[in-house]
Amino acid sequence: KVALVHDYIKDAGGAERVLLQLTKLFPEAPIYTSFCVKGSAAHSMFKESKIIESFYAPILKIWRLYSPLRFMLPVIWGSMDLSEYDLVITSSSNYIARGFKVSPNTKVVVYCHTPPRFLYGLKTGMDWRKNIVIRIYGHLIAHFLRIFDYKSASKIDHWIANSENVKGRIYKHYKKESNVIYPPCNTENIISVSRKYKKKDYFFIASRLVGSKGIKEAIIAANKLKARLVIAGAADGFTLVEKDLRGMAGPTVEFVGRVSDDRLWRLYSEAVGFIALAKDEDFGMSVVESQAAGTPVLAYKGGGFLESVVEGKTGLFIKSVDVEDIAKAMEKLRSKKWDKKLIQKNSLRFSNLEFNKNIKSYLKKVIV
């Protein structure tokens with residue numbers, strides 16, 4: 001008997017795409033989660049699966065209380081009894097998704113997107129340190145959550161990291177070795193769809209609108225060059241970032257909000273370049289999707305981008321998010337002749353097929 005565990009089902013991002021692929025590999029497996037927001041983008045992805053929420057789900061869904069109520073995580077996960085299962089695969093990130101009850105015979109495998117960023121000083125979507133009251137509260141609960149995070153991690157021997165970057169974090173914070181299995185990207189479908197479209201003269205960003213992704217600097221660079229920049233994505237949580245970004249955007253910058261996969265793939269395919277400037281991205285699936293569409297990437301030289309972008313062949317790296325450097329790199333990327341087939345070939349290293357093959361091979365070893 002197999003069970004899947006996931007932080008929460010609300011937003012549809014890279015972690016949810018990993019979970020979706022796991023549900024296809026184990027269609028009978030229920031999904032245990034802290035809470036599920038019905039009607040959300042993520043919920044629609046898992047309508048074929050049985051979703052089991054925690055006892056505390058009704059409270060967590062009230063007015064986004066899931067964020068300030070993180071101190072309840074030991075109780076939330078501790079309330080779940082998964083001892084009837086032979087294999088539990090947990091998709092773990094900022095909401096930890098560990099500490100549930102299992103039997104001595106249950107094998108638990110953690111697919112770790114990252115140790116919680118807010119616990120270990122990594123950049124988060126919202127700069128919660130700005131407000132002194134939130135900062136004090138955050139530091140108080142972070143101390144106790146780090147203890148829970150480490151203790152729950154110490155009980156698990158089977159770790160999968162979504163990148164070499166995250167593998168290093170797992171060892172640093174938990175002293176656990178892990179196998180790297182890159183997350184599944186829809187590369188084959190994007191490659192097929194991209195054949196229908198021709199390039200247009202615009203740069204593209206697909207990202208949550210947060211303060212840690214270099215979007216502000218990219219907008220200023222586009223304003224400076226009078227270059228067209230299309231931005232897909234929306235803000236999340238308690239933040240005014242989206243309002244601020246829209247306020248500084250010039251006439252050549254267009255916000256299209258959250259878009260369907262079909263439109264997203266078209267935007268990738270028609271762009272002259274894709275911009276990704278997060279300084280320490282866990283992996284970065286959008287960068288792979290862009291390459292699948294045959295579009296070169298302008299990326300910050302760090303984090304997971306180093307594992308998927310080939311300098312000079314599938315994209316360009318910059319060492320800072322200084323506006324002048326971004327603007328120069330945008331002009332350089334636009335003027336360079338790129339080999340579309342080579343870019344797309346590189347993306348196939350991160351396909352659904354590769355993920356399925358690697359995860360099956362790993363789980364066989366664990367079960368044996």
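Everything that follows concerns the structure shown earlier in this document.
Residues numbered from 1 in each chain as written. Predicted model: local features only at pLDDT ≥ 70, side-chain atom pairs only at ≥ 80, totals over all residues. Heavy atoms only, no water.

S.K.: Explain the sheet that holds strand β12 (residues 297-300) here, please?
M.R.: The strands that make up a sheet pair up through hydrogen bonds in the backbone, lying either parallel or antiparallel. Read across the open sheet, the six strands follow the order β10-β9-β8-β11-β12-β13; overall the sheet is parallel. The open sheet has two free edges, formed respectively by β10 (253-257) and β13 (315-318), since each of these has just one partner strand. Along the sheet, successive strands turn relative to each other by an average axial angle of 25 degrees, direction set aside. The pairing of β12 with β13 spans four bridges and is classified as parallel. In the strand pairing of β13, valine 297 is matched with glycine 315. (Pairing = 2+ DSSP bridges. Helix = DSSP H or I, 4+ residues; strand = E, 2+ residues; numbered from the N terminus. Axes fitted to C-alpha atoms, helices over the stretch in contact; angles between N-to-C directions.)

S.K.: What is the right way to read the pattern of salt bridges from this model?
M.R.: Between side chains of opposite charge, a pair can form when the charged atoms approach closely. According to the stated counting rule, one finds 19 salt bridges in the structure shown. Taking the shortest distance from any N to any O, the salt bridge between aspartate 261 and arginine 17 comes out at 3.6 Å. Taken together, the residues span a long stretch of sequence, with aspartate 261 in helix α10 (residues 261-270) and arginine 17 in helix α1 (residues 14-25) at a distance of 244 residues. Between arginine 17 and glutamate 289 there is a salt bridge whose closest N-O contact spans 2.4 Å. Taken together, the residues arginine 17 in helix α1 and glutamate 289 in helix α11 (residues 285-292) connect sequence positions 272 residues apart. The partly exposed category is assigned to arginine 17, whose relative accessible area is 25%. Residue class for glutamate 289 comes out buried when judged on its relative accessible area of 3%. (Salt bridge = Lys/Arg side-chain N within 4 Å of Asp/Glu carboxyl O. Buried < 20%, exposed > 50% of the residue type's maximum accessible area, 1.4 Å probe, protein only.)

S.K.: Just to check I follow, could you spell out the layout of surface pockets for this structure?
M.R.: Of the volumes computed, that of the second largest pocket is approximately 330 Å³. Lining the second largest pocket are 17 residues, with Val102, Val108, Ser152, Lys155 and Ile156 positioned closest to its centre. When residues of the lining of the second largest pocket are traced back to their parent elements, those giving at least two are β5 (107-112) and α5 (132-154). When its residues are assigned to classes, the lining of the second largest pocket shows seven nonpolar, five polar and five charged. (1 Å grid on protein atoms, 1.4 Å probe; cavity = no way out; pocket = protein on both sides within 12 Å on 5 of 7 lines; lining within 4 Å. Points joined across faces, edges and corners; volume = space filled by probe spheres on them. Nonpolar A, V, L, I, M, F, W, Y, C, P; charged D, E, K, R; others polar.)

S.K.: Quick question: what am I supposed to make of the packing of aromatic side chains here?
M.R.: Geometry of an aromatic ring pair is reported as the spacing of the ring centres plus the angle between the planes. As enumerated under the stated definition, the model contains 15 aromatic pairs in all. Summarising the aromatic geometry, the rings of phenylalanine 35 and tyrosine 66 are spaced 5.2 Å apart at their centres and angled 40 degrees between planes, so their arrangement reads as tilted. Pair noted here: phenylalanine 35 is in the loop between β2 (31-33) and α2 (41-45) and tyrosine 66 is in the loop between α3 (57-60) and α4 (73-78), with a separation of 31 residues, a long-range link. For the pair shown, phenylalanine 35 and tyrosine 66 are each scored as buried. Each residue in the set Tyr8, Phe35, Tyr66 and Tyr95 is aromatic and connected to the rest through ring pairs, giving one cluster. Across the ring face of tyrosine 174, the terminal group of arginine 98 is positioned such that the distance to the ring centre comes to 5.2 Å. Over the face of the ring belonging to tryptophan 338 we find lysine 336, whose NZ or CZ atom lies 5.0 Å from the ring centre. (Phe/Tyr/Trp six-rings, centres within 6.5 Å; stacked < 30°, edge-to-face > 60°. Lys NZ or Arg CZ within 6 Å of the ring centre and 35° of its normal.)

S.K.: Explanation requested: the sheet that holds strand β7 (residues 179-180) in the structure shown.
M.R.: Ordered by their spatial adjacency, seven strands build an open sheet running β3-β2-β1-β4-β5-β6-β7, and the pairing between neighbours is parallel. Both outer strands of the open sheet, β3 (51-53) and β7, are each paired with one neighbouring strand and no more. Bridge count for strand β1 (residues 2-6) against strand β4 (residues 87-92) is five bridges, and the pairing is parallel. Across the sheet, the residue bridging to alanine 3 is valine 88, located in β4. Seen against the sheet, helix α6 (residues 164-174) touches β5, β6 (158-161) and β7 and runs at an angle of roughly 140 degrees to β6. (Contact = heavy atoms within 4.5 Å.)

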